Amino acid sequence: MDVVIVESPAKAKTINKYLGKDYKVLASYGHVRDLPSKDGSVQPDEDFAMAWDVDSKSQKRLNEIATAVKGANRLILATDPDREGEAISWHVLEVLNKKKVLKDVEVQRVVFNAITKKSVTEAMENPRGLDKELIDAYLARRALDYLVGFTLSPVLWRKLPGSRSAGRVQSVALRLICDRELEIEAFRSQEYWTVETDMKTAANAPFVARLVGLDGKKLEKFDIPDKKTADEIEARIKASRFTVKSVESKPARRNPNPPFTTSTLQQEASRKLGFSASRTMQVAQRLYEGVEIDGETTGLITYMRTDGVQIAPEAIAQARTVINNEFGEAYLPDSPRVYNTKAKNAQEAHEAIRPTDISRLPKSVAARLDDDQRRLYELVWNRTVASQMESVQLERTTIEIEANDAPINLRATGSVIVFDGFLRLYQEGRDEPDDADEGNRLPKVARGDKLGLEKVRPEQHFTEPPPRFTEASLVKRMEELGIGRPSTYASTLQTLRDRDYVRMDQKRLVPQDKGRLVTAFLENFFTRYVEYDFTAELEEKLDKVSAGELDWKDLLREFWKDFTGAVAEATELRITEVLDRLNEVLGPHVFPDKGDGSDPRKCPSCDDGRLSLKVGRFGAFVGCSNYPECKFTRQLTAGADGEEVAGDRVLGTDPETGAEVSLKTGRFGPYVERAPLAEGEKPKRSGLPAKTSAADVDLDMALRLLTLPREVGIHPETGKKITAGLGRFGPFILHDGTYANLKDPEELFDIGLNRAITVLAEKIARAEERAGKILKELGEHPDSGKPVQVREGKYGPYIKHGSTNATLPKSAKPEDVTLEEALALVAEKEAKTGKGKKKAPAKKAAAKKEPAEKKPAAKKKAPAKKASTAKKSTAKKATAKKAAPKKPVAKKTKATEMAD
């Protein structure tokens, strides 16, 4: 028996069918080890030794693999054909070597680019050893990401509370987004005009020409700066007569784009399908692992993490056959097209992403795929086939026109598609509109022909700022700069969203204030490590490691020496120094010019206070320099709808109590407050519903919000009250510990008892449905009085008591379970999860009372006991000191916030 290791169970099942009964295919479920999220997992002082950790789930799978390998002839490592796949195989092999189960077992590594019977069989016939260079490149990359994250994060936490590191590559991607936002904010629109004319030939054929020259000078973009100049030019054109000066027609060709790489697939799926990078990779993974066709699971596309644009000769032959059959001989080039990788720092290049069988047309598999899979497969198929089709043939024509009696030059341009070629099947999308004038057909004219002037159309324009990045355009820019790798783009963008460093607005990436703060800090105090060139150079060095041209530890030593120096300098910085620098750098963003000449940093609540960035427990905010006398605070910038967050303002007086009602802004946004009615009493406060602008809040709205939470009524079945309130996740009603969300905040003020009971019943019904069918009622719990039930769950029957779900042993039959057995399972589950410990304090108190009553009898021996206790205490302290090298627990919990 031979044991084969792959990543996923779906892949394992498919490959086991291909290989037959002499093979046992097991899944590692991805990586089996990782660096623990704590200090010391990589130790630079010990030649970058790395401490790997195996979680409990992976341990179970590794034990299963080890058991299977013990009696095997061969261990075949068949993980994905890239750096990560090589690393997974290495991790599995390392663990099995430590378990000492590989004695007399031959170890081989195989790779296949597609999950098809032919690809897998061929791979099994051509095994190799593990690629040491690829493993070294993985180790270097993993160590770098860990060291940057775990060294930089503590600095961020101390200098900018609330901030979290975005990681080595993510920080540079975030800088790209923030730099683009700075360009947009600094942009000043400039007016300019263009002049177009509607012309006609002697045969009355119309066409459009634009003004390109005036008074012997070629017109530049801003040479017509205003309406007055445009009107003067319009009058001159109307007074002139025009003749064709020259006609030039040139044939042109457009070649198809190469097949997809990871980044180009992500870009096109974003443009054409609206997929995020992570969604694209998830759907591509399912297509790679395959669907059932003719009783056999078959992968539909080749491996989807690649920089390569070349495809196998047999795939090219298939594509040419399909082109000939589906589109005709005219669309088939005389010879196959050969593509070479042009991406900067392309590495570990495999085949491009293509269908495993190009003769498998999208319509033939559509019924077996969900909508996302169908659309993505069609995109991959179209691009692959189009890449082997004939070029588009164009005729580009330019007509130069001059005025007979004035130095005025016009030009008409157009392109006519003579043969559509690959455009019949596929055209690449664009991130931004294109000014190309393809398809603008021009009439037939000759030099010296007289032309008629129908109309002159001056048009006003304003320059526009550069557009914000989409996921597609950001991936493209990162690839151009050599930042990151295909396998990292999706996770990089996801990390930035998860950290709340960026948000999506109409498919554009907008930096959040938190992201801009981190970027400004890194740019000013860790400049080198967020430079595009530095990051690209580091990627080049990692490529050299994977090519065997550079030792991975030499790379780490060089990096670590300079990096630790930069960290040491930043650690010495005072928070006031950091804030002063950030106030200067982010000033235009945080304190925008009001346009009236007033000081944008003047405090609106006091006479002489100045606004400045402050840091608190939950992050940065804007506060007054006169704190604590002036307690004005606000968020960093404008609210969600664009208006600037204002300071406190009085809305009026509560007519019932006479107390002042105000709108205030805290670190978490605007809220309304009613002044306390008596000394020592806390003010009544309420947040604003989502999407409510602070500018729209008046006294009536504030008074309504301050009535919350309000009592709706008494539930007729339980006799307990139902209340309506506004919480973190929006409007809700509450009854006996059960929360039910309301869709409209207005319902808070007018929802009646009947409607509330219905909403609660619907919530309970949904919860019951999720909990599964009741298989058996066992009775009430003796302590809580709540029912104990056997229910049908997604993963089998289980015991339910309140919020506790206890798994039923596989050997137990649901119909035979007794209340006593169920109570034991519930108690065991509650002990594990920490529930049911509320009575512990009472027991401790009782335990303390008993010795207290015997205290007089024990007094004589107290001195001796104290001495003995003191000695023990001293000994314990000495032992504790010896074990001191451990880091504080608080630091460990923060460390889990680190990005890879």
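See above for the structure.
Quick caveat: nothing in here was measured; it's all calculated off a predicted structure.

Calculation notes
- Residues numbered from 1 in each chain as written.
- Predicted model: local features only at pLDDT ≥ 70, side-chain atom pairs only at ≥ 80, totals over all residues.
- Heavy atoms only, no water.
- Helix = DSSP H or I, 4+ residues; strand = E, 2+ residues; numbered from the N terminus.
- Pairing = 2+ DSSP bridges.
- Contact = heavy atoms within 4.5 Å.
- Axes fitted to C-alpha atoms, helices over the stretch in contact; angles between N-to-C directions.
- Left-handed = near helix turned anticlockwise from the far one by under 90°.
- Nonpolar A, V, L, I, M, F, W, Y, C, P; charged D, E, K, R; others polar.
- Patch = residues over 30% accessible without salt bridge, like charges linked within 9 Å, V, L, I, M, F, W, Y side chains within 5 Å.
- Areas by Shrake-Rupley, 256 points an atom, 1.4 Å probe, with all protein chains shown as cover.
- Salt bridge = Lys/Arg side-chain N within 4 Å of Asp/Glu carboxyl O.
- Lys, Arg positive; Asp, Glu negative; His and termini not counted.
- Charge placed at Lys NZ, Arg CZ, Asp CG, Glu CD.
- Buried < 20%, exposed > 50% of the residue type's maximum accessible area, 1.4 Å probe, protein only.
- Core = buried A, V, L, I, M, F, W, Y, C linked by side-chain atoms within 4.5 Å.
- Parallel < 35°, antiparallel > 145°, perpendicular 65-115°, else oblique.
- Phe/Tyr/Trp six-rings, centres within 6.5 Å; stacked < 30°, edge-to-face > 60°.
- Lys NZ or Arg CZ within 6 Å of the ring centre and 35° of its normal.
- Expected span 1.5 Å × (residues − 1).
- Polar contact = N/O pair within 3.5 Å; in protein donor to acceptor, adjacent residues only side chain to side chain.

Here we look at unusual backbone geometry
So, point 1. For the bond running from Tyr-627 to Pro-628, omega is 10°, close enough to zero to count as cis.
So, point 2. Counting through the fold element by element, Pro-628 comes out in the loop between strand S19 (619-624) and strand S20 (633-634).
So, point 3. Along the chain, Leu-708 connects to Pro-709 via a cis peptide bond; the corresponding omega equals -5°.
So, point 4. Positionally, Pro-709 belongs in the loop between helix H20 (699-705) and strand S25 (710-714).
So, point 5. One non-glycine residue with positive phi stands out, namely Asn-204, at about 65°.

Here's the deal with the sheet that holds strand S18 (residues 611-616)
So, point 1. Across the sheet, which stays open at both edges, the three strands sit in the order S18-S19-S20 with antiparallel pairing between neighbours. Strand pairing shows two members of the sheet lacking a second neighbour, S18 and S20, which therefore form its edges.
So, point 2. Here S19 pairs with S20 via two bridges, running antiparallel. Paired with Gly-623 across the strands is Thr-633, a residue of S20.

With respect to the side chain of Thr-116
So, point 1. For Thr-116, the position within the fold is in the loop between strand S6 (106-109) and helix H4 (117-124).
So, point 2. In this structure Thr-116 touches Tyr-18, Thr-298, Gly-299 and Thr-356, once residues within four positions along its chain are discounted.

Thoughts on the packing of helix H6 (residues 168-186) against helix H13 (residues 471-481)
So, point 1. At a minimum axis separation of 11 Å, H6 and H13 run at an interaxial angle of 115°. Crossing geometry of H6 relative to H13 is assigned as right-handed. Of the residues in H13, those in contact with Val-169, Ala-173, Leu-176 and Ile-177 of H6 are Leu-474, Arg-477, Met-478 and Leu-481.
So, point 2. When its residues are assigned to classes, the contact of H6 with H13 shows seven nonpolar, no polar and one charged.

Some points on a negative patch on the surface
So, point 1. Taken together, the side chains of Glu-531, Asp-533, Glu-537 and Glu-540 make up a negatively charged region of the molecular surface.
So, point 2. Tracing the backbone through its elements, the reader meets Asp-533 in helix H16 (residues 532-546).
So, point 3. Relative accessible area serves as the criterion here: at 56%, Asp-533 is assigned to the exposed category.

Examining the nonpolar core
So, point 1. One finds Val-4, Leu-376, Met-389, Phe-521, Phe-526 and Phe-563 to be the most contacted residues of the largest nonpolar core, which totals 146 residues.
So, point 2. With 23 residues, the next largest nonpolar core counts Phe-207, Ile-401, Leu-410 and Ala-412 among its residues.

What to know about the environment of Ile-483
So, point 1. Along the chain, the position of Ile-483 falls in the loop between H13 and helix H14 (486-498).
So, point 2. What makes Ile-483 buried here is its relative accessible area of 0%.
So, point 3. When the C-alpha positions of Ile-483 and Leu-538 are compared, they lie 9.0 Å apart, and in sequence the two are 55 residues distant.
So, point 4. Dropping the residues within four chain positions of it, Ile-483 is found in contact with Val-169, Val-172, Met-478, Tyr-489, Tyr-532 and Thr-535.

A few points about the sheet that holds strand S2 (residues 23-27)
Two strands in a sheet stick together by hydrogen bonds in their backbones, pointing the same way (parallel) or opposite ways (antiparallel).
So, point 1. The strand order across the open sheet built from four strands is S2-S1-S5-S6, with neighbouring strands paired in parallel fashion. Each of the sheet's edge strands pairs with one partner strand only, and the pair in question is S2 and S6. With strand direction ignored, the average angle separating the axes of adjacent strands in the sheet is 20°.
So, point 2. Two elements, strand S5 (residues 74-77) and S6, share four bridges in a ladder whose sense is parallel. Bridge assignment links Leu-77 to a residue of S6, and that residue is Arg-109.
So, point 3. The strands touched by helix H1 (residues 9-19) within the sheet are strand S1 (2-6) and S2, with S2 carrying the most contacts at an inclination of about 170°.
So, point 4. Sheet strands touched by helix H3 (residues 83-98): S1, S5 and S6. Its angle to S5, the strand with the most contacts, is close to 150°.

Observations regarding the packing of H3 against helix H5 (residues 132-159)
So, point 1. The geometry of H3 relative to H5 is characterised by a closest axis approach of 9 Å and an angle of 95° between their N-to-C directions. Classified by the angle between their axes, H3 and H5 sit roughly perpendicular to one another. In this structure, H3 uses Arg-83, Glu-84, Glu-86, Ala-87, Trp-90 and His-91 to contact H5, whose residues at the interface are Leu-134, Ile-135, Ala-137, Tyr-138, Leu-139 and Arg-141.
So, point 2. Taken together, the residues of the contact of H3 with H5 break down into seven nonpolar, one polar and four charged.

As for the environment of Met-199
So, point 1. Examined against the element boundaries, Met-199 turns out to sit in strand S7 (residues 191-200).
So, point 2. Here the alpha-carbon distance between Met-199 and Phe-242, two residues 43 residues apart in the chain, equals 9.3 Å.
So, point 3. Filtering out sequence-adjacent residues up to four positions away, Met-199 remains in contact with Ala-205, Pro-206, Phe-207, Ala-209, Phe-242, Leu-410, Leu-451, Gly-452 and Leu-453.

A few points about the packing of aromatic side chains
So, point 1. Under the definition given, this model contains 17 aromatic pairs.
So, point 2. Seen from their ring centres, Trp-52 and Tyr-138 are 6.2 Å apart, and the 15° between their planes marks the pair as stacked. Note that Trp-52 is positioned in the loop between strand S4 (49-50) and helix H2 (56-70) and Tyr-138 in helix H5, a separation of 86 residues in sequence. One exposure class covers both Trp-52 and Tyr-138, and it is buried.
So, point 3. Geometrically, the ring pair formed by Tyr-288 and Tyr-303 is edge-to-face, given 5.3 Å between the ring centres and 65° between the ring planes. Here the residue Tyr-288 occupies a position in helix H9 (residues 277-289), and Tyr-303 occupies one in the loop between strand S12 (296-298) and helix H10 (313-326), the gap between them amounting to 15 residues.
So, point 4. When the ring centre of Tyr-532 is taken as reference, the NZ or CZ atom of Arg-175 above it lies at 4.7 Å.

Digging into H9
So, point 1. Here H9 contains 13 residues, and its C-alpha end-to-end distance of 18 Å stays within 8% of the 18 Å for a straight helix at 1.5 Å per residue.
So, point 2. Turning to H9, its buried residues are Ala-277, Ser-278, Thr-280, Met-281, Val-283, Ala-284, Leu-287, Tyr-288 and Glu-289.
So, point 3. Where H9 is buried, its residues contact H1, helix H8 (262-273), S12, helix H12 (371-386), H13 and H14.

Examining helix H17 (residues 552-571)
Think of an α-helix as 3.6 residues a turn; residues three or four steps apart then line up on the same face.
So, point 1. Given a rise of 1.5 Å per residue, 20 residues ought to cover 28 Å, and the 28 Å separating the end C-alpha atoms of H17 matches this to within 8%.
So, point 2. Taken residue by residue, H17 has Trp-552, Leu-555, Leu-556, Phe-559, Trp-560, Phe-563, Ala-566, Val-567 and Ala-570 as its buried positions.
So, point 3. In the core, the buried residues of H17 are packed alongside S4, H5 and H16.
So, point 4. Among the residues of H17, the N-terminal cap falls to Asp-551, whose side-chain oxygen and the backbone nitrogen of Lys-553 are separated by 2.9 Å.

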